[in-house]
Amino acid sequence: MSEAEKEDVYVLADDSREAVFVAEGITKVYKMGEVEVHALRGVDLQLYEGEFVVLLGPSGSGKSTLLNILGGLDVATAGTVRYRDHDLTHADESALTEYRRHHVGFIFQFYNLIPSLTARENVALVTEIADDPMSPDDALKLVDLGDRLDHFPSQLSGGQQQRVAVARAVAKRPEVLLCDEPTGALDIHTGVKVLEALARVNRELGTTTAVITHNAAIAAMADRVVHIADGRIAKIDTNTNKKDPSELEW
Amino acid sequence: MRAIHHKLLRDLWHMKGQALAIVMVIASGVALFVGQLAVMHSLRVTRDAYYSEYRFADVFANCKRAPLSVADRLRDVPGVDVVQTRVTLRVMLEVPGLNEPATGQLISIPDNGEPQLNDLFIRKGRLPGPGTDNEVALVEMFAKANKYGLGDSITAIINGRRQSLRVVGIVLSPEYVYALSAGAFVPDDKRFAVMWMNEKQLAAAYNMEGAFNDVSASLKPGASHAEVIARFDDILKPYGGQGAFAQKDQVSNWYLANEYKQLETFGVVVPLIFLGIAAFLLNVVMSRVVATQRDQVAALKAFGYSNFQVGLHFGELVALIVLMGTIVGTLFGWLMGEKLIDLYTDFYHFPVLRFSLPGWVPLAGMAVTGSAAALGTLNAVRRAAALPPAEAMRPEAPPNYRMTLMERIGLQRWLSQPTRMILRQLERKPMKAGASILGLSLAVAILIVGMAFVDIIFTLIDIQANVVHREDVSVGFTEPRSRDALHEIESLPGVEYAEPYRAVSARVRFGHRNRRLGIQGIPFDTRLNRVLNTDLEPFDLPREGILLSRVLGDSLHVSPGDEIIVEVMEGTRPTRTVKVAALVDDFMGISAYMEIGSLNRLMREGDVISGAYLLTRGEASEALFESLRARPAVASVSSKATSIENLRKMVEEQLLYSIAFNVLFAGIIAFGIVYNNARVSLSERARELASLRVLGLTRGEISFILLGEQALLTLVALPIGFFLGYWLTFAVMASVNSEVVRMPMVLNTSTYALGAICVIFAAAVSGLIVRRRLDRLDLVEVLKTRE
């Protein structure tokens, strides 16, 4: 990547860019029998085009709930969430499906690959229903798995499986990539490879990427780090000196 | 209650839909089993009690006329306990409102009151007393069918004279539990009456004073029936004895025994098949249910529960389900049994037919289903418990998949990713797919078995009505008559064509085996009473020799070409050797046929006939019946339309209910299988499908993956189900076959279609239910946890 392109990336990190997500005052209350659990207690957050954000917090802090609401998997109890001109707060089930289908890429802690499909087919499953996808082969090359196209999940290591999941998530050229503990089930070596793939996608495709983790080390590779505790945003740090995933240690 | 028991109840509540389906499958199997077995039990207990309480005789014999002193010689036969002589008489009856003549059997009762054997159950009124004029006790079913009450009169033609008989009692007899008039194969309550009359009066009316023509005897314990029968035959021979026979060959009892055998098949074989299928399904379903709880098994083990305790826990879950199924099944079986018993009282005339359910029957049903379910559960628990707990709790490694055959041969590019998922899923777990297919095809098969009886029975009726019996009316004479009688009948009003027959009662022997039966003599070129093989092709009557029903041949152990001994029981009573020309696979009764001339020669008689089959112009007319009734030589007249109608009525009322229950329960079982199949697949694949939803696949798209698989399994199962259904039906039919009836093996296309439609419908409904669950898949949960 040239210096000029790097410049662009830094410009994009500036707060003056267009907000992709605007969340205002979102609260989420789960009713667990008689008890009400407040997962989110009034969160205001904006995510900008092309930025790489890490949502950091301990278990039960509400970070997954926030991600789920942004991804259209869950609906806030109060407050509003907008994705560009889509109002996610009042969308119905099929609108949310459409939203996920065309705008969001998901990556899960446990990969959630379809075991009966090969790497290429797992990606094709998504590209077949997308508007302007890249080819499954290109998506897998992007995550450095060009030589594992016809392997079934059972023939791949955990890190490779997660990279297939990354390829599957980015192949439809989503505007947002939401990752829930993508390295949670991986050791540091394979975890770094996955993070490198995420960073590359963010860099090369300009995909807005949000990663939730309880692993503070990962925060070093983000543009911004959102600290979440007890259902609230505790603070937001902006990294002036982003690290490359290969420099991370945990 | 311990925590693990709370888990038990909550697990049960959690899987309530599936549990309900399993409970219904068990309940259906148990209901049929319990209901039918209890009916059988009730029928047997009732019959045995009736026979013993009313002193049903052990040996019966008829003769032309024997002086009463002969009875003492019969009493002296070793082994004989009680001898009861009687006078019996066939008469024609005039019943107002009946077109065709009714026939009556008059039986004497001793002057001093109660018969010593074959006692009567008095429903209403009293027995006819001595010295009272023309009093009779009338059999209950005829009284009911024609609305005769105490004090009413019946007109009988006795010895050519009209006589009015007054009904003083309504009774039942162990000799007429199944009330058939001679020669008929279906009871006709409207047209066949049995009446008991004081002996002195009946003897006077029939010129039988000081004589008898019917005798029955009870034997001492351990006495040989065969020896007593042989001695009776010797003693009665000079008096026109027609061959003594044992209780087992007594018409009512023989039919009853055969019917019981048939009911037993319906009542034991079919429910056992159903119960077996229910058990197999339970095995499959329970093993899959437990397999989906793999993480829970691991967690329990991690807490320190032993493999045994874990096994026990799931065992208790199964036990609860089986127990509920048995209770519900027993309840339904009880209701069904009571309904069937109600129906049987129309055909089996017992004083009381009470439903009773022996305790071991539901216990046996529970044992069969319980052990099958336990087996399936144990296998799955053992598999789950074999894993170290930590491994079982970790997400399962992705299972191995490979390209399917269809893809390897190059069809890949036509298959979408979801279609590939379906095919690979099926190919990777062929055992599971196989079990599902087997379950679904068994569902199709039992529906076919259930409905097959309708096809078969109506085919049988159709064959009897339109192919075998082509006459409109049959006429029997009191005594064999010369062939001139045929011309006389031919000239009666409305008769288009008359064909003679000769019926001779005889005992046929081969080796040490013998049977008493009627030999039918029919013309070589018969048009109305053809002998047919199972392909419904007319069987060429041999010029010489005798044709036997295959069941008769088998029971005598004879083959074509063997020579059998025929002891004729009437006329000059010749004993002859006759060659068996062939065995015929016919459908009803045990028959022996000869060419009429050949039979006449065997009898050393001229052109003699016993009766005639008539073809009438249009509907048999009142005028024809009137003129037949007026002839004293005519003993019986029966119209085919009426017999067939009676047969149809009997079949419909008696069997169709049984069949309806079979089909109902088959339907429930089929639904249970299909629903469970779909539900278990859903729980096995919920995570995968939820992931796809998160990735943006619509509800319809993920439904295709799951329901497409179910649809494919169902589609594959249909032809296998047809095949299984055919052979299962064949096996059941083979066990139903009796001397009374052999079932033709027919299955209409519509039966296959209906079986398929029921299963497809069950699959569609299950699909809808599963689809609703798919729509409510928790997408958030899937991101967090495995299983």
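So, here is what we can say about the structure in this document.

Rules used in this analysis
Residues numbered from 1 in each chain as written. Chains lettered and ligands numbered in written order. Predicted model: local features only at pLDDT ≥ 70, side-chain atom pairs only at ≥ 80, totals over all residues. Heavy atoms only, no water. Pairing = 2+ DSSP bridges. Helix = DSSP H or I, 4+ residues; strand = E, 2+ residues; numbered from the N terminus. Contact = heavy atoms within 4.5 Å. Buried area = accessible area lost by both parts, 1.4 Å probe. Salt bridge = Lys/Arg side-chain N within 4 Å of Asp/Glu carboxyl O. Polar contact = N/O pair within 3.5 Å; in protein donor to acceptor, adjacent residues only side chain to side chain. Nonpolar A, V, L, I, M, F, W, Y, C, P; charged D, E, K, R; others polar. Patch = residues over 30% accessible without salt bridge, like charges linked within 9 Å, V, L, I, M, F, W, Y side chains within 5 Å. Areas by Shrake-Rupley, 256 points an atom, 1.4 Å probe, with all protein chains shown as cover. Lys, Arg positive; Asp, Glu negative; His and termini not counted. Charge placed at Lys NZ, Arg CZ, Asp CG, Glu CD. Buried < 20%, exposed > 50% of the residue type's maximum accessible area, 1.4 Å probe, protein only.

Notes on the pairing of strand β17 (residues 575–584) of chain B
Residue and element names in this part refer to chain B. The pairing of strand β15 (residues 546–549) with β17 spans four bridges and is classified as parallel. Of the residues in β17, the one forming a bridge with leucine 547 is alanine 582. In terms of strand pairing, strand β16 (residues 563–568) meets β17 through five bridges, oriented antiparallel. Residue pairing across strands places valine 566 opposite arginine 576, the latter belonging to β17. Taking the residues that link successive antiparallel strands as the turn, the β16-β17 hairpin has six residues, and the phi of glycine 571 there is positive, at about 60°.

Regarding the interface of chain A and chain B
Opposite the 30 residues of chain A that make contact, chain B presents 32 residues. Here chain A packs against chain B, burying approximately 3000 Å² in sum over the two surfaces, 60% of which is carbon and sulfur. On the chain A side of the contact with chain B, Phe110, Pro115 and Ser116 of chain A bury the most area, a combined 18% of that side's loss. Remark: the boundary between chain A and chain B carries three salt bridges. Remark: the boundary between chain A and chain B carries seven residue pairs in polar contact (both at pLDDT 80 or more). Secondary structure elements with two or more residues in the side of chain A that touches chain B: α2 (63–70), α3 (93–103), α4 (119–127) and α6 (158–170) of chain A. For the side of chain A that touches chain B, the residue count by class is 13 nonpolar, eight polar and nine charged.

With respect to the environment of leucine 713 of chain B
Residues and elements named next belong to chain B. With respect to the element layout, leucine 713 can be found in helix α20 (residues 699–736). The spacing of leucine 713 and serine 436 is 277 residues in sequence and 7.2 Å in space, taken between C-alpha atoms. Look past the residues within four positions of leucine 713 in its chain and what remains in contact with it is Leu426, Ala433, Ser436, Ile437 and Leu440.

Some thoughts on a negative patch on the surface
On the surface, a cluster of negative charge is contributed by Asp144, Glu196, Asp244 and Glu247 of chain A. On the accessibility criterion, aspartate 144 of chain A (55% relative accessible area) is exposed.

Read these as spatial facts, not as claims about activity.
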